[in-house]
Amino acid sequence: MKLYFDKRLKDPTYYAQQGFRNGKKTTTRNVKKFGKHSELLKITDDPEAYVREEIRKMNEEYRVGRVSYTLTADFNERVPRSDDKASSLTWSNIGYFFLQDIMKGLDLKDFFKQKTSDRKVTFDCFTISRFLTYARILDPGSKLDTWNHLGSYYEKPDFGYQHILRFMDLLDENYDGYLSWLYQHSNSVVERDPSVLYYDCTNFYFESEQPDEDVVDEVTGEVLRGLRQYGVSKEHRPNPIVEMGLFMDKKGIPITMCLHPGNTSEQVTAIPLEKEVLKMTGGAKFIYCADADLGSYHIRQFNSMGGRAFIVTQSIKKLSKTLKEAVFNDYHYRLRYNDNPVTVGAIKCVERYKEENRELYNDSAYKIINADSALDLGLYEEKVLKDGSVKKVKAAGQLKQKVIVTFSRKMMEYQRAVRKRQVERAEKLLEKKDPEEIKKGPNDVRRFMKRVAETKSGEKAAVTYELDKAKIEEEEKYDGYYAVATNLDDPARDILAVSHKRYQIEDCFRIMKTNFSGRPVNHRLPDRIRAHFLICYTALLVYRLLEAKLDEQGTHVTTQDLITTLKNMNVTNVHDVEYMALYNGSKTLDALTKLTDLDLDRMHYKPKELNQKIKKILK
């Protein structure tokens, strides 16, 4: 602050004048009025010296963050006019500062600098990458929508929509290198733990009525399959889909991903992507963990070499008769908690409401069954025939492995409660006398109904439907049972603990689809589709790294609370004098403040301070 007065006047008025820099804009404002020269003579012999001393004291206060301003408000003043077609917001988000604090460890500025050093690129790839990632987490939408809302961020970046599309083309060109770079540099943010790798696949649907056609390369003759294809959708949507495979480490942080046409079998995606992971990790030894659909014979065999191991979910229903007998004979079961012998019958019959039985009720039993090549695990492999078609055949070959079977009373009760409601729905359908054709889906209630045709000699058959009690009884046999197959010799408790964490990869898919609105995908070109998912993957990685750092400091924050807090951290410009917070405190904000030195839990900010904060984390 400095002294300002009009020296030409005989009786000037003294002001404290402050200069402000808001981005590229510099302004000055009179922030305090001391009075006229004649008025100040009543309290001092030298008004100018008196005012200069007061301003010196104000500057001292300003340096330590305490200052008072005299601002005037004209309630007749109109909002600034513009030629824009729609009014824009006057607040700015600073919550993304926390995301950038994580992203600085990824060194993406260097990555894009290397990839564009020999190209004439007229836009800043790093800036576009940053804001596409922020938007996917805080305000997910189309790329055009993201571009339209760039003004809602404190930095207010200036790049065109066409630059976003050109950036996506460049990103797709460096698909493999980008994923590898993210993994290698994420170690500087959170120490990665690839000792266990979880793998799973999911589908993303598109707003399209037709799948992509296959294209033949005119030079090589290779058939390039269209990316958007009709495939099996759990949501039963009649839209083309793209399949994503995702590897995740032991801490729940993604390692890499792959994309395939929607009609690709999941089983053929695991090993090729796993080979890419081996390159990224320098051939590290790890445990492959996946569900039953991604645990074929070839996948298990591949992870029985090179010091690797596997833990995959095993379907009990698909076991051979010999192994099923071993599961249900109720011998050699032990409690997971203390390894004491127990029977499944005892757990089923225990009175759950008695205090002395709570420990037994909450625990589960397990049994280890050796299952080598002599026993049928119901595994299949896919063989490519001479005509190019794919056929499922029963797996044959020797493989050292064992099956760990568990039984949980809680799981049994849950499964029976679900089935009870399904049977009730099936009974209501039977009351209609003419239900639709019976489906055999694993979760369709009509699987409990069977078609009965009765006829007399020479007469038309009378078709009726009734509950299939045998089917219901057969399903009840498996209630509460769960199994995994593995080639590890570790204690069963440790193996089951590793398998239990598979839910985290489902969490990753849920975050991408729900919180980040990764679907429906509105892109059409394959390179733009791949770039879109690379952006979604980057957003997931940044979010998971932030979540992991919060966990390391002993703070657990839910996905919704974290995103909501970052999204609501908006500030408004008050007469170019300060930025005032438009958000309140929370436990999530306290955790973020403790994690970083950004100090964004204050009510008032000097423009210079915010500029310095973002400049520091962009170095």
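Residues numbered from 1 in each chain as written. Predicted model: local features only at pLDDT ≥ 70, side-chain atom pairs only at ≥ 80, totals over all residues. Heavy atoms only, no water.

**Student:** I keep staring at the overall build of the protein and nothing clicks. Help me out?
**Tutor:** Looking only at helices and strands, the protein features 21 helices and 22 strands. Expressed as a percentage of its 619 residues, the buried residues of the protein come to 47%. Counting contacts in the protein only where the partners sit at least 6 residues apart, residues at least 24 apart contribute 67% of the total. For the protein, the accessible surface area stands at approximately 34400 Å², while carbon and sulfur atoms represent 48% of it. (Helix = DSSP H or I, 4+ residues; strand = E, 2+ residues; numbered from the N terminus. Buried < 20%, exposed > 50% of the residue type's maximum accessible area, 1.4 Å probe, protein only. Contact = heavy atoms within 4.5 Å. Areas by Shrake-Rupley, 256 points an atom, 1.4 Å probe, with all protein chains shown as cover.)

**Student:** Even after reading the chapter, I still don't get the sheet that holds strand S11 (residues 309–313), so can you show me in this structure?
**Tutor:** Within a beta sheet, neighbouring strands are joined by backbone hydrogen bonds and run either parallel or antiparallel to one another. Read from one edge to the other, the open sheet built from nine strands follows the order S9-S8-S5-S10-S11-S19-S16-S13-S12, with strand pairing classed as mixed. Pairing within the sheet leaves two strands with one partner each, and these edge strands are strand S9 (254–261) and strand S12 (334–335). Here four bridges tie strand S10 (residues 287–290) to S11, and the two strands are oriented parallel to one another. Bridge pairing in S11 links Tyr288 to Phe310. Taken strand by strand, helix H9 (residues 267–280) contacts strand S5 (196–205), strand S8 (241–248), S9 and S10, and its axis lies near 145° from that of S9. Sitting on the sheet, helix H11 (residues 321–328) is in contact with strand S13 (364–370), strand S16 (402–408) and strand S19 (481–486), with an inclination near 150° to S13. (Pairing = 2+ DSSP bridges. Axes fitted to C-alpha atoms, helices over the stretch in contact; angles between N-to-C directions.)

**Student:** What exactly am I supposed to notice about the nonpolar core here?
**Tutor:** As a rule of thumb, nonpolar side chains are buried together in soluble globular proteins. Of all hydrophobic cores here, the largest spans 103 residues; its most connected members are Phe97, Leu108, Met257, Phe533 and Leu600. Considering every element that reaches this core, the biggest residue donor is helix H18 (residues 526–552), with 16 residues. Formed by 44 residues, the second largest nonpolar core is a distinct cluster that contains Cys201, Phe247, Ala270 and Val277. (Core = buried A, V, L, I, M, F, W, Y, C linked by side-chain atoms within 4.5 Å.)

**Student:** Can you walk me through empty space enclosed by the protein in this structure?
**Tutor:** The gaps of empty space that remain are located by a probe, the size of a water molecule, rolled over the atoms. Enumeration according to the criterion identifies one cavity of 30 Å³ or more in this entry. Of the pockets and cavities examined, the largest cavity occupies roughly 30 Å³. Around the largest cavity sit Ala135, Asp139, Thr146, His149, Ser152 and Tyr153, which together line it. (1 Å grid on protein atoms, 1.4 Å probe; cavity = no way out; pocket = protein on both sides within 12 Å on 5 of 7 lines; lining within 4 Å. Points joined across faces, edges and corners; volume = space filled by probe spheres on them.)

**Student:** When you look at the pattern of salt bridges in this model, what are you seeing that I'm missing?
**Tutor:** If the charged atoms of two oppositely charged side chains come close together, the side chains can form a pair. For the structure shown, the criterion picks out 26 salt bridges. A salt bridge links Asp169 to Arg528; its shortest N-O distance comes to 2.8 Å. Note that Asp169 is positioned in helix H7 (residues 161–173) and Arg528 in helix H18, a separation of 359 residues in sequence. Here Arg447 and Glu475 are joined by a salt bridge, their closest N and O atoms 2.8 Å apart. Note that Arg447 is positioned in the loop between helix H14 (409–430) and strand S17 (449–454) and Glu475 in helix H15 (residues 469–476), a separation of 28 residues in sequence. Residue Arg447 shares its accessibility class with Glu475, and that shared class is buried. One continuous salt-bridge network, built from bridges that share partners, spans Arg416, Arg419, Arg447, Glu475 and Asp479. (Salt bridge = Lys/Arg side-chain N within 4 Å of Asp/Glu carboxyl O.)

**Student:** How should I be thinking about helix H21 (residues 607–617) in this particular structure?
**Tutor:** Because an α-helix completes one turn every 3.6 residues, residues spaced three or four positions apart along the sequence face the same direction. Those residues of H21 not exposed but buried are Pro607, Leu610, Lys613, Ile614 and Ile617. The buried side chains of H21 occupy one side of the element, clustering within an arc of 130° when seen end-on. Those residues of H21 that are exposed and aimed more than 90 degrees away from the buried face are Lys608 and Lys615. (Arc of directions from axis to C-beta.)

**Student:** How do you make sense of the pairing of S9 when you look at a structure like this?
**Tutor:** Within a regular beta strand, the side chains point alternately toward one face of the sheet and then the other, so they alternate between its two faces. The buried fraction of S9 is high, at seven of eight residues. Here seven bridges tie S8 to S9, and the two strands are oriented antiparallel to one another. Opposite Met248, over in S9, you have Pro254 as the bridge partner. Between S8 and S9, which follow one another and run antiparallel, lie five residues, and Gly252 among them has a positive phi close to 85°.

**Student:** Whenever I open this one, unusual backbone geometry confuses me. Can you help?
**Tutor:** Apart from glycine, the bulk of residues carry a negative phi angle, and the bulk of peptide bonds sit in the trans form. A cis amide bond links Arg519 with the next residue in sequence, Pro520, at an omega value of -5°. Relative to the helices and strands, Pro520 resides in the loop between helix H17 (503–515) and H18. The residue Asp107 is not glycine, and still its phi comes out positive at about 55°. If you trace the backbone, Asp107 turns up in the loop between helix H3 (96–103) and helix H4 (108–115). The phi torsion at Asp599 lies on the positive side, around 55°, for a residue other than glycine. Looking at the element boundaries, Asp599 is found in the loop between helix H20 (587–595) and strand S22 (604–605).

**Student:** Teacher, can you tell me more about the side chain of Glu578 here?
**Tutor:** Its place among the elements puts Glu578 in strand S21 (residues 578–581). The side chain of Glu578 sits in the buried core without any salt bridge; Arg602 is the nearest counter-charge, 8.7 Å away. In terms of polar contacts, Glu578 uses its side chain to reach the side chain of His604, at 2.5 Å. Leave out the neighbours within four places in its chain, and Glu578 touches Thr572, Asn573, His604, Tyr605 and Pro607. (Lys, Arg positive; Asp, Glu negative; His and termini not counted. Polar contact = N/O pair within 3.5 Å; in protein donor to acceptor, adjacent residues only side chain to side chain.)

**Student:** Would you mind going over the packing of H3 against helix H5 (residues 125–138) with me for this structure?
**Tutor:** Geometry of a packed helix pair, given as the angle between the helix axes and the separation of the axes. H5 packs onto H3 with a crossing angle of 125° between their chain directions and a minimal axis gap of 11 Å. On the basis of their axis angle, the class for H3 and H5 is oblique. H5 is crossed by H3, and the crossing has right-handed handedness. Residue-level inspection shows Tyr96, Leu99, Gln100 and Met103 of H3 in contact with H5, the latter providing Phe126, Arg130, Phe131, Thr133, Tyr134, Ile137 and Leu138. (Parallel < 35°, antiparallel > 145°, perpendicular 65-115°, else oblique. Left-handed = near helix turned anticlockwise from the far one by under 90°.)

**Student:** When you look at the pairing of S21 in this model, what are you seeing that I'm missing?
**Tutor:** Pairing geometry for strand S20 (residues 570–574) and S21, over four bridges, is antiparallel. Each residue of the ladder has a partner; that of Val574, found in S21, is Glu578. What sits between the antiparallel neighbours S20 and S21 is a turn of three residues, in which His575 has the positive phi angle 55°. As judged from the two bridges shared by S21 and S22, these two strands associate in the antiparallel manner. If you follow Met580 over to S22, its bridge partner there is His604.

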